[in-house]
Amino acid sequence: MLNVDSKVLSNTGADEANYVYKYNLSRKDRIYDFFKRRIEQRLKNWSGINSSMIFSTGLLGYDITTSPLYKDADIVNLHWILGFCSLGVLRKIRKPVVWTLRDMWPMTGGCHHLVECEKYKTGCGACKLIGKAADRDISSFIVGRKEKILTNHKFHYIGISKWVTNTAKASYLLKDASLVTILNNIDLNEYYPVDKRTARQALGLDTDKMIIAFGAQSVCDVFKGGDLFLDALQCLDPEKYFLVIFGRNGHEFLRKVEFEYKYFGFITDTLSLRLIYSASDVFVAPSRVEAFGKTIAEAMACKTPAVCFDTSGQREIVDHKVNGFKAVPFKPGSLAEGIDWIVNSSNYPELCEMALKKIEDNFSNTVIAGKYLELYTRIMNQ
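Notes on the structure follow. The structure displayed is predicted, hence computed values, not measured ones. (Residues numbered from 1 in each chain as written. Predicted model: local features only at pLDDT ≥ 70, side-chain atom pairs only at ≥ 80, totals over all residues. Heavy atoms only, no water.)

Right, let's get into the pairing of strand β5 (residues 155–159). The side chains of a regular strand alternate between both faces of the sheet. With respect to burial, β5 is a largely interior element, five of its five residues being buried. With burial as the criterion, each face of β5 is covered, one bearing F155, Y157 and G159 and the other bearing H156 and I158. The sheet contact formed by strand β4 (residues 97–101) and β5 spans five bridges and is parallel. Note that in β5 the partner of V98 across the bridge is H156. Bridge count for β5 against strand β6 (residues 178–181) is four bridges, and the pairing is parallel. Within β6, the position partnered with Y157 by the bridge is L179. (Buried < 20%, exposed > 50% of the residue type's maximum accessible area, 1.4 Å probe, protein only. Helix = DSSP H or I, 4+ residues; strand = E, 2+ residues; numbered from the N terminus. Pairing = 2+ DSSP bridges.)

The structure is reproduced here in structure tokens:
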């Protein structure tokens, strides 16, 4: 697209595109992979980490510097490295490094979400996920290890929202780092509007009611706010709305719902998502925290206005009463108000058009790739 030879090195997902390469595991690597997952879990169990929360040590991983892709590269862009590249391997990188911050982990002592904790500002310790009062725990150890590695290299960091960037600037580890904001991209060749009636027929949605869509990897995840959405539904009329739900654990979630609904399970293909977004009248994202909020942007790319809470990264996608509705955090009644406001809006078609325009102007592949190229060029010229 921009005449850049860009390749992706991963431990999963090879063969899905001609630029994605799977790290070539030797027999030794495969044995190591078998044991490292168990060692990581044993380490977390030994440390007393709350198993219901996402926590990673980053102590185990492969040596990506042995890959031919690394050797041919002019610049290395890290994304999600856990389970693939260890912190120790980062010491060996002798090329400019850009690290795209897709969650909070690079700036914390192991957690991926801040969980209303501000210890990332002071260096962690006495971690609430561990439940011990000791300042010197595994979280402080991980911060100390990151500090030695990240301050000894000239790393450049990208926040995928202004909220992520500002959070990093307030952190103990990244407060003095090179930080810029480049939003996530949405592939408009994959996510685009489908005629609403056609989409509903394709999905077998035989209803004249307004359709509310809600989805996440796990709809019961506390960070995704499924409980807040359920509370919001108590303020809405079941005779008026039909629910479309996708993601894991939906059956458990839907036991508490008195609305008509269709549950699509966990979806891996963009065609189904495109049809769901297009078939819906409004998409609801009740997340308590989002580094970005990609489902919101995907829905808007399909001309479906979105409702979210006015907080974290998602607030940068939705423009209040222009292409969606930003509810008061974390009030279910405000979420319900936003749903009603959108579907009853006298300029609903304009809301839909403005939703698509926001994505086209700010999140297209061309726009975001151009910003990455600009950053790479500046780094290489330094």
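Picking up after the structure, the text goes on.
Here P329 and F330 are connected by a cis peptide whose omega angle stands at -15 degrees. Take F330: it is sitting in the loop between β12 (324–327) and α11 (332–343). Not every positive phi belongs to a glycine, and N249 is a case in point at roughly 65 degrees. Here N249 is to be found in the loop between β8 (241–248) and α8 (250–254). The class of N249 is partly exposed, set by a relative accessible area of 40%. Not every positive phi belongs to a glycine, and K321 is a case in point at roughly 60 degrees. If you trace the backbone, K321 turns up in the loop between β11 (306–309) and β12. Judged by relative accessible area, K321 falls into the partly exposed class, the value being 41%.

An α-helical segment advances 3.6 residues per turn. Residues three or four places apart therefore align on the same side. Listed as buried for helix α5 (residues 162–169) are V164, T165, T167 and A168. End-on view of α5: buried residues confined to an arc of 165 degrees, all on one side of the axis. Each element contacted by the buried residues of α5 is listed here: β4, β5 and β6. (Arc of directions from axis to C-beta. Contact = heavy atoms within 4.5 Å.)

Read across the sheet, six strands follow the order β9-β8-β7-β10-β11-β12 without closing on themselves; strand pairing throughout is parallel. Either end of the sheet is taken by a strand with one partner, and the two such strands are β9 (260–263) and β12. Averaged over all neighbouring strand pairs, the angle between strand axes comes to 20 degrees, with direction disregarded. In terms of strand pairing, strand β10 (residues 282–285) meets β11 through three bridges, oriented parallel. Paired with A285 across the strands is C308, a residue of β11. Contacting β7 (210–218), β8 and β10, helix α9 (residues 270–279) crosses the sheet at an angle of about 155 degrees to β8. Relative to the sheet, α11 contacts β7, β8, β10, β11 and β12, its axis offset from that of β12 by approximately 165 degrees. (Axes fitted to C-alpha atoms, helices over the stretch in contact; angles between N-to-C directions.)

Below, the discussion takes up the environment of L60. Mapped onto the elements of the fold, L60 is located in the loop between α1 (27–47) and α2 (68–72). A C-alpha to C-alpha distance of 8.8 Å links L60 and I39, two positions 21 residues apart in sequence. In this structure L60 touches Y32, K36, I39, E40 and S86, once residues within four positions along its chain are discounted.

What follows concerns the pattern of salt bridges. Under the counting rule described, the total for this entry stands at twelve salt bridges. Linking K224 and E290 is a salt bridge whose minimum nitrogen-to-oxygen distance equals 2.7 Å. Here K224, found in the loop between β7 and α7 (226–233), pairs with E290, found in the loop between β10 and α10 (294–301); they are 66 residues apart in sequence, far enough to count as distant. (Salt bridge = Lys/Arg side-chain N within 4 Å of Asp/Glu carboxyl O.)

Now for α7. With six of eight residues buried, α7 lies mostly within the body of the structure. For α7, the full list of buried residues reads G226, L228, F229, L230, A232 and L233. Lining the buried residues of α7 we find β7, β8, α8, β10, β11 and α11.

Everything listed is a geometric property; what it means functionally is a separate question.
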